[in-house]
Amino acid sequence: MVPEADPPSTEDVNLLYQLFEQSNKLVVLTGAGISTECGIPDYRSPNGAYSSGFKPITHQEFVRSSRARRRYWARSYAGWRRFTAAQPGAAHVALASLEKAGRIHFMITQNVDRLHHRAGSNPLELHGTVYSVICLDCGFSFCRNLFQDEVKALNPKWAAAIESLDYGSPGSDKSFGMKQRPDGDIEIDEKFWEEDFHIPTCKKCKGILKPDVRYFTFMKPDVVFFGDNVPKERADIAMEVGRECDAFLALGSSLMTMSAYRLVRAAHEAGATTAIVNIGTTRADDFVSLKLNARLGEILPRVLNIGSLSIPAIQ
């Protein structure tokens, strides 16, 4: 699922090294490209979910349709085990090392997978995370693992059937035969969720739950769904650090979402050095100072091993 790219040249590695070396307030933004190397699909790359005609659920769909909510939560429950099995890659680890050495002033991620956290970083999660669930009526949130347990308790026979399926052998009698999606859900036949599938409600107000990634007005994953807005406080923090940095580095993002593009644009307009490492074109290619086409797991460890970047910087 990772797009093809030539190994980074020595010149490319040195150029990226200089960005880290010369910056005092470097802001790093990461996108889906850093996680595809860990087995988590993306949407927009040549091999991404969009290439097969897949359309992610939108805020509007989730709000107005109980059927859409059943489909989302059933597929998300089914994909959770595989999604959480993903491990941080070499790029995540390299960024965590650079952060600890004081070479990164602030990190922002568009990803909802928490792989940065597992590598030792604590970025601002611009689009939230699927690791928590939030009520869209009262705002109460709690751990996703607890939500998984509640789904299982409400649907014991259904959950047992889902968990007996063979994730790794497409085409077998016990297989989904479908692909995992970028937000952790997995495509399964309608027969597994169309009838008799029950969704937990909020413990406090009985409202609708969603993943904590911006969406709707029920219980949902605490993530920003397509068609929803990044919470104002979170967006303001990201914009402030973007405008105040002396360098802005986008990694593994096409910057097609306005929430990410506007940060690079703001940093550029404020006079910061701007750079991108991504396989393929991005929305900001026409104005950034440096654009490199490379896999992050190949170039970042090489940058880390040059000179003294791994040694804590003097502040």
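This one's a predicted model, so the numbers in the text were calculated from it and none came from an experiment.

Engineer: What is the right way to read the state of the cysteines from this model?
Structural biologist: Overall, the coordinates contain zero disulfides when judged by the stated rule. There is no disulfide at cysteine 138, and the cysteine sulfur nearest it, in cysteine 205, is 3.7 Å away.

Engineer: Explain the UniProt feature "binding site: Zn(2+)" (unreviewed entry) in the protein here, please?
Structural biologist: The positions UniProt marks with the feature "binding site: Zn(2+)" (unreviewed entry) are Cys135, Cys138, Cys202 and Cys205. Separation in sequence by 71 residues is not matched in space for these annotated residues, since their most distant C-alpha atoms are only 8.6 Å apart. Considering the arrangement of structural elements, one finds cysteine 138 in the loop between β4 (128-135) and β5 (141-143). Cysteine 138 gets classed as partly exposed once you look at its relative accessible area, which sits at 40%.

Engineer: Can you help me understand the UniProt feature "active site" (unreviewed entry) in the protein in this one?
Structural biologist: The UniProt feature table records "active site" (unreviewed entry) at His127. Mapped onto the fold, histidine 127 is located in the loop between β3 (124-125) and β4. Here glutamine 110 takes part through its backbone oxygen, which lies 3.4 Å from a polar atom of the side chain of histidine 127.

Engineer: Can you walk me through the nonpolar core in this structure?
Structural biologist: Among soluble globular proteins, nonpolar side chains are generally buried collectively. The biggest cluster of nonpolar side chains holds 30 residues, and the ones touching the most others in it are Trp73, Val130, Phe147, Trp158 and Leu209. Looking at this core, the elements that each hand over two or more residues are α4 (66-85), β4, α7 (144-154) and α8 (156-163). Here this core takes eight residues from α4, the largest share from any one element. The two domains that each donate at least three residues to this core are domain 1 (1-40 + 90-125 + 232-314) and domain 2 (47-85 + 130-212).

Engineer: Hey, could you run me through the sheet that holds strand β2 (residues 106-109) in this one?
Structural biologist: The strands that make up a sheet pair up through hydrogen bonds in the backbone, lying either parallel or antiparallel. Pairing is parallel across the open sheet formed by six strands, whose spatial order is β3-β2-β1-β8-β9-β10. Both edges of this open sheet fall to β3 and β10 (290-292), since each of them pairs with a single strand only. Note that strand β1 (residues 26-30) and strand β8 (residues 247-251) share five bridges and pair parallel. Across the sheet, the residue bridging to valine 27 is phenylalanine 248, located in β8. Here helix α10 (residues 258-269) sits on the sheet in contact with β1, β2, β8 and β9 (273-277), set at roughly 155 degrees to β8.

How each quantity is defined
Residues numbered from 1 in each chain as written. Predicted model: local features only at pLDDT ≥ 70, side-chain atom pairs only at ≥ 80, totals over all residues. Heavy atoms only, no water. Disulfide = S-S within 2.5 Å. UniProt positions renumbered as here; feature names shortened; annotations may be inferred. Helix = DSSP H or I, 4+ residues; strand = E, 2+ residues; numbered from the N terminus. Buried < 20%, exposed > 50% of the residue type's maximum accessible area, 1.4 Å probe, protein only. Polar contact = N/O pair within 3.5 Å; in protein donor to acceptor, adjacent residues only side chain to side chain. Core = buried A, V, L, I, M, F, W, Y, C linked by side-chain atoms within 4.5 Å. Domains from an automatic or database assignment. Pairing = 2+ DSSP bridges. Contact = heavy atoms within 4.5 Å. Axes fitted to C-alpha atoms, helices over the stretch in contact; angles between N-to-C directions.

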